[in-house]
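Fold and contact review
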Amino acid sequence: MDEPHGNPSSDDGLVVEGLFADYGGTMAVSDVSLRIGRSEFVTLLGPSGCGKTTTLRCVAGLHTPRSGDISLGGRRLYSPGTNIPPQKRDINMVFQSYAVWPHMTTLENVMYGLKAKKTPRAQAREKALRMLELVGLAEFTGRNATDLSGGQQQRVALARALATEPSLVLMDEPLSNLDAQLRARMRDEIRQIQRRTGITVLYVTHDQSEALSMSDRVVVMNHGVIQQAGAPWELYHRPANAFVATFVGEANVVPGVVAGVGSRMFTVRVPTLGPDMVVDIARGTMDDCPAVGDAISVVFRPEWVWVSRETGPLPAALDGNEFRARLVSSEFLGDHFERTYEAGRHRLRVLAVTGPTSPPPRIGAEQALLLTPENLTWFPGHDEAARAGDDAETALDDGLSAGVQTEMLGR
Amino acid sequence: MATLAREETAQRSHEITTAVRARWGPRVLLLLVVLLLAVLVFLPTAMVFVRAFSDDPRNPLSTFTLHALADSYGSARIWRILAETMAMSVACGILSTGLGGALAWVLARTDVPMRRTFELVVIAPLFLSPFIGALAFLELGAPRTGLLNQIARDLGLPGWVSIDVMTFQWLIVILALHYVPYGYLLVSGSLQNMDASLEEASHMNGRGTVQTALRISLPAIRHATLSSVMFVTISATGMFSVPALLGAKMSFHPLAVTVYRATNGYPSDYALAAALGTMLVLLSVIGLWLYQRSLRQSSKFVTVTGKSQNRKRISLGRTKYAVILLLFLYALVTTVLPYAALCLRAFSTSTNLDEINLTTQTVRDVLGTPELENALANTVMVSVATAVGAVAVGILTSYVTERVRHKGSGLLNAVAMSPLAVPGIVFATGVFALYLGTPLYGSLSIMVLAYVASYLPHATRVIGNGFAQIDKSLEEASRMCGAGQARVLSTILLPLMRPSIAAGVIMVFLFTVREINTAILLYTPDTMLLSILSFNYAQQASLPAAAVVGLLETALMIAWIVLMRALLRPGKLHQRA
């Protein structure tokens, strides 16, 4: 038997292949493919309008894609010619607006899906009560659902989604309407419940800390295209392009050309950071290594930079991986400084930790910054397109600390 | 391997059939709505136009004629009538919207006491049929014999302090007073939905109460105001009963009355009536287009947050007493005096203030007639059937336009709204022509069919607003929990829409009980209605009987409201934050 579409049944989770979807004529999702294993917690992360919610709604069956393949547990949910209606997909969903039904009590809300599945009443009730206990709402069962606070409504929505024991639970920015403290608590709770119950979750958010802290794997999207997928640690330390580097955490991205490759390190010329400036990068940080002459982008996080010479006049010659930088701004946050430096044609974000003996910094001072070879990462290419201003703007429009882009000066 | 393949094909084909079925449901629904609207709305309207070109609608081709068009579009007299009709209805629209809007502002923004009571006072004229209201004003302000004129004479006031309601000016005032609740409701909704922070920001920028009202609130409700003027104008253009009564003594016969005279005069000229009807329709279409346009524009200022409850009210200070006095005066003129006049007419043998003689004889006589019993039963049947029918079709139409969103569902909405542009008496000529010679003709069903179509726009608007207030994710959540379309409708949508459904059922019933404009061409002695009975009594100059029937209508409306509120318990709409 031919298997033209691969073999999705070998996987018990969600398989999306070549998904294309448009919203009102504009393409919202282009060629998205992803796999989620059983009991896995996967997050779609990206700025608003990146297509993450559209992808989620296509999986839910609430939006009909243009083309592609969606299957769950080996059962095809969507392909050209097949389109299982949402209520038959064995998927449940937690909505951004909670969508708790105002004309039902908390218990009735949670029992709703069980009744739709023709579960005997006593059994449905018992199960719904168990779910409400799981989310910590045992004493609110008879309460009119809309009399609850936002956080409690969120729990009702969660309990309702879990009650039908779906093969997959979708969560569409479920925490975005909560205040910061509650959000942190719900984040832990959702993760714990997911671990305890072993449900499979596809989560959508624009909040990178939510994505990093909760997920087994994160899929970063922008402009309807998957930018990178991987474990949170991997995304942070091995960004595949400038968008991922700056959207997931803050990053300084500097273009360079590989000048030499050694056994433990390789050397990269970074002329925009300073005349004749070269940096050594430890090879251990990446499995593969670029060849001499390759154009790459060097990436370093603010907390990876070391202010090596804080005060005093700088010597004529600096050490290797060290370079001059002028302090532009310095914000004292108690445990650290958030600083901006100008070096060569770049503006760099630096997180500096100083002790009680060092004097407060002087704006405009010339200092030396050190990039240790172990604290550098890179991705191939210069990726100018992805660094174009509009990405940073969409990210900032989102109200996120998307990570300040390395600004090129004098251009 | 082969069995596996077969199993997979079997599973796939099963899934494909479910998918196909899922797509078929909405299509069947769409088809149903298209058919319903075609039969209810489109065919009768089309018949009006067919009829304008033929003497016999059963055989339009062989009796093709252009004489009706020549007599209507080609007649200077008709154009003069048209101009007068427009003058009357536009004046009505402006007056009632101005008064209604001012009342809305006072009740929505200021700290005037007893707001809930005054709100009821403002909409109270809705419970009085415009015809009965006109009758009451005739009792009050007829030249010489009117009660107010009698009082003025008894008080020794000079002769020029007297009123004559059978004049063009008073006709406009009386009609406008009847439409004030419409102006109030349309403007008040817009004022209440307006984002409070728009006005608060104006205060923060140093503007006072008056400046804020003029510079912020008024522009914000401009479109609602315009849509109210348009709505009242269209409605007044088609108004037949009041001008027929008050205009009888002057030579003013607005277009609707001219249509009636063309059909009920001798020899009756149905083609002319239809041709005049087309003029009314075309006029109304322009108005309706403006109305819809301003309605769309007005949605820009609406808040979605629903957090405008804590609005700080404007302190009126001493002007409060003047405002209260004006509100009492309004209540006196629109409600207390008319009902007093009706009661006096019904319970006294004479309305001459010197010879008042209270008796229940007239009331008992009128209530005892088999004619009235018949009319009461018919009215209840027709009104209940119309209320239920219009709301049911309204739900179907709104569901298709708001939720199924198939190609062309916007057009359906326009069709459902189009009866607004067809005045009742004109629509009746179309219904009349359509069902002539069928068993439906001369039955109560034909009235229900005509009424359902006439009040479909009102029902669809109320139900559609109800739909729009329900967040789509509430339904999506239900589907994700495994509920099919039918289950979503019955367990989520309908319960959440109960307040709108109650409002729709109450409103349509009220309109139907009062309705004369449509029924006047469709009734037969067997299908007599209360409204027609009162009209006929008034025509025969048996005013006490007409007054009794009018009071009975009001009692019927109140009974229905009480009954529906008990049955449907609309309560407070559960609003989500």
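Not measured: the values here are computed from a predicted model.

Some points on the overall build of chain B
Within chain B, the secondary structure is distributed over 24 helices and zero strands. Counting over 577 residues, chain B shows a buried share of 53%. By sequence separation, contacts in chain B at least 24 residues apart represent 79% of the contacts at least 6 residues apart. Only carbon and sulfur atoms are counted for the fraction: they give 65% of the accessible area of chain B, which is about 26100 Å².

Thoughts on the pairing of strand β12 (residues 252-261) of chain A
All names here are of chain A. Taken together, the six bridges between β12 and strand β15 (residues 295-300) define a ladder with antiparallel strand orientation. Counted as the bridge partner of V257 is A295 from β15. Where β12 meets strand β13 (residues 265-269), four bridges bridge the pair, whose relative direction is antiparallel. Looking at the pairing, V257 lines up with R269 of β13. The antiparallel pairing of β12 with β13 creates a hairpin that spans three residues between the two strands.

Structural notes on the packing of helix α3 (residues 76-109) of chain B against helix α9 (residues 209-237) of chain B
All names here are of chain B. Running from N to C, α3 and α9 point in directions that differ by 140°, and their axes come no closer than 8 Å. Judged on the interaxial angle alone, α9 and α3 are oblique. The two elements α3 and α9 cross, and the hand of that crossing is right-handed. Taken together, the residues of α9 that come into contact with α3 (itself represented by T85, M86, M88, S89, V90, C92, G93, I94, S96, T97 and W105) are T209, A213, T225, S228, V229, V232, T233, A236 and T237. Class assignment of the residues belonging to the contact of α3 with α9 gives a composition of 10 nonpolar, 10 polar and no charged.

Structural notes on the sheet that holds β13(A)
Residues and elements named next belong to chain A. Ordered in space as β14-β13-β12-β15-β21, the five strands form an open sheet in which the pairing is antiparallel. The outermost strands of the open sheet, each flanked by one partner alone, are β14 (278-282) and β21 (377-380). Recorded for the sheet is a direction-independent mean angle of 45° between the axes of neighbouring strands.

Brief notes about the environment of R264(A)
Residues and elements named next belong to chain A. As for its position among the elements, R264 is in the loop between β12 and β13. Residue R264 is classed as exposed on the basis of its relative accessible area, which comes to 62%. C-alpha of R264 to C-alpha of A282: the two residues are 18 residues apart in sequence and 6.0 Å apart in space. Setting aside residues up to four positions removed in sequence, R264 forms contacts with I281, A282, R283 and G284.

Re the nonpolar core
Burial of nonpolar side chains together is a common tendency in soluble globular proteins. Membership of the largest hydrophobic core comes to 204 residues, with the highest contact counts inside it found for L14(A), L170(A), L202(A), F240(B), L246(B), I425(B) and I520(B). Here this core takes 13 residues from helix α18 (residues 444-469) of chain B, the largest share from any one element. Leaving out residues up to four positions away in the same chain, I425(B) has contacts with F240(B), A256(B), V259(B), Y260(B), N517(B), T518(B), I520(B) and L521(B). Among the nonpolar cores identified, the runner-up in size contains 38 residues, and I296(A), V298(A), A325(A) and L369(A) belong to it.

A word on the pairing of β13(A)
Residue and element names in this part refer to chain A. Of the two faces of β13, the one lined by F266 and V268 is fully buried and the one lined by M265, T267 and R269 carries no buried residue. In the sheet, β13 pairs with β14 via five bridges, with the strands oriented antiparallel. Bridge assignment links V268 to a residue of β14, and that residue is V279.

Here's the deal with empty space enclosed by the protein
Residue and element names in this part refer to chain B. Going through the model one piece at a time under the given rule, you end up with four cavities of 30 Å³ or more. Of the voids in this model, the largest cavity is the one considered here, and its volume is about 480 Å³. In this structure, the largest cavity is lined by 25 residues; those nearest its centre are S235, Y455, H458, E515 and N517. Put simply, the parts of the chain that give the lining of the largest cavity at least two residues each are α7 (168-193), α9, α18 and α21 (498-514). Its residues assigned to classes, the lining of the largest cavity shows 14 nonpolar, nine polar and two charged. Counting contributing residues, the lining of the largest cavity receives three or more from each of domain 1 (30-46 + 360-577) and domain 2 (83-257 + 273-307 + 314-332). Along the wall of the second largest cavity there are 14 residues; nearest its centre are L128, G133, F137, I174 and H178. Only α5 (130-141), α7 and α13 (319-347) provide two or more residues apiece to the lining of the second largest cavity. Split into classes, the residues belonging to the lining of the second largest cavity amount to 10 nonpolar, four polar and no charged.

Focus: the sheet that holds strand β2 (residues 26-36) of chain A
Sheet strands associate in pairs through backbone hydrogen bonding, adopting either a parallel or an antiparallel arrangement. All names here are of chain A. If you trace the five strands from one edge of the open sheet to the other, you get β2-β1-β4-β5-β6, paired in antiparallel fashion. Edge positions in the sheet fall to β2 and β6 (82-83), since each of these pairs with one other strand and no more. Along the sheet face, helix α1 (residues 52-60) touches β1 (14-23), β2, β4 (67-72) and β5 (75-79) and points at about 115° away from the line of β1.

A word on the pattern of salt bridges
Following the criterion strictly, the structure yields 20 salt bridges over all chains and no others. As a salt-bridge pair, E476(B) and R57(A) come within 2.5 Å of each other at their nearest N and O atoms. Of the two residues, E476(B) is situated in helix α19 (residues 472-480) and R57(A) in helix α1; the pairing between them involves two chains. With relative accessibility at 7%, the residue E476(B) sits in the buried group.

Observations regarding the side chain of N378(B)
Residue and element names in this part refer to chain B. Along the chain, the position of N378 falls in helix α15 (residues 370-404). A polar atom in the side chain of N378 sits 3.0 Å from the backbone oxygen of M528. Those residues within four positions of N378 in sequence are excluded, and the remaining contacts are L444, D526, T527, M528 and L529.

Some words on the packing of aromatic side chains
All names here are of chain B. For the structure on display, the rule yields 17 aromatic pairs over all chains. Seen from their ring centres, Y182 and F511 are 6.2 Å apart, and the 10° between their planes marks the pair as stacked. In this pair, Y182 is assigned in helix α7 and F511 in helix α21, connecting sequence segments 329 residues apart. According to the relative accessible area criterion, Y182 is buried, its value standing at 12%.

Conventions we followed
- Residues numbered from 1 in each chain as written.
- Chains lettered and ligands numbered in written order.
- Predicted model: local features only at pLDDT ≥ 70, side-chain atom pairs only at ≥ 80, totals over all residues.
- Heavy atoms only, no water.
- Helix = DSSP H or I, 4+ residues; strand = E, 2+ residues; numbered from the N terminus.
- Buried < 20%, exposed > 50% of the residue type's maximum accessible area, 1.4 Å probe, protein only.
- Contact = heavy atoms within 4.5 Å.
- Areas by Shrake-Rupley, 256 points an atom, 1.4 Å probe, with all protein chains shown as cover.
- Pairing = 2+ DSSP bridges.
- Axes fitted to C-alpha atoms, helices over the stretch in contact; angles between N-to-C directions.
- Parallel < 35°, antiparallel > 145°, perpendicular 65-115°, else oblique.
- Left-handed = near helix turned anticlockwise from the far one by under 90°.
- Nonpolar A, V, L, I, M, F, W, Y, C, P; charged D, E, K, R; others polar.
- Core = buried A, V, L, I, M, F, W, Y, C linked by side-chain atoms within 4.5 Å.
- 1 Å grid on protein atoms, 1.4 Å probe; cavity = no way out; pocket = protein on both sides within 12 Å on 5 of 7 lines; lining within 4 Å.
- Points joined across faces, edges and corners; volume = space filled by probe spheres on them.
- Domains from an automatic or database assignment.
- Salt bridge = Lys/Arg side-chain N within 4 Å of Asp/Glu carboxyl O.
- Polar contact = N/O pair within 3.5 Å; in protein donor to acceptor, adjacent residues only side chain to side chain.
- Phe/Tyr/Trp six-rings, centres within 6.5 Å; stacked < 30°, edge-to-face > 60°.

Scope: geometric values only; no functional claims are made or implied.
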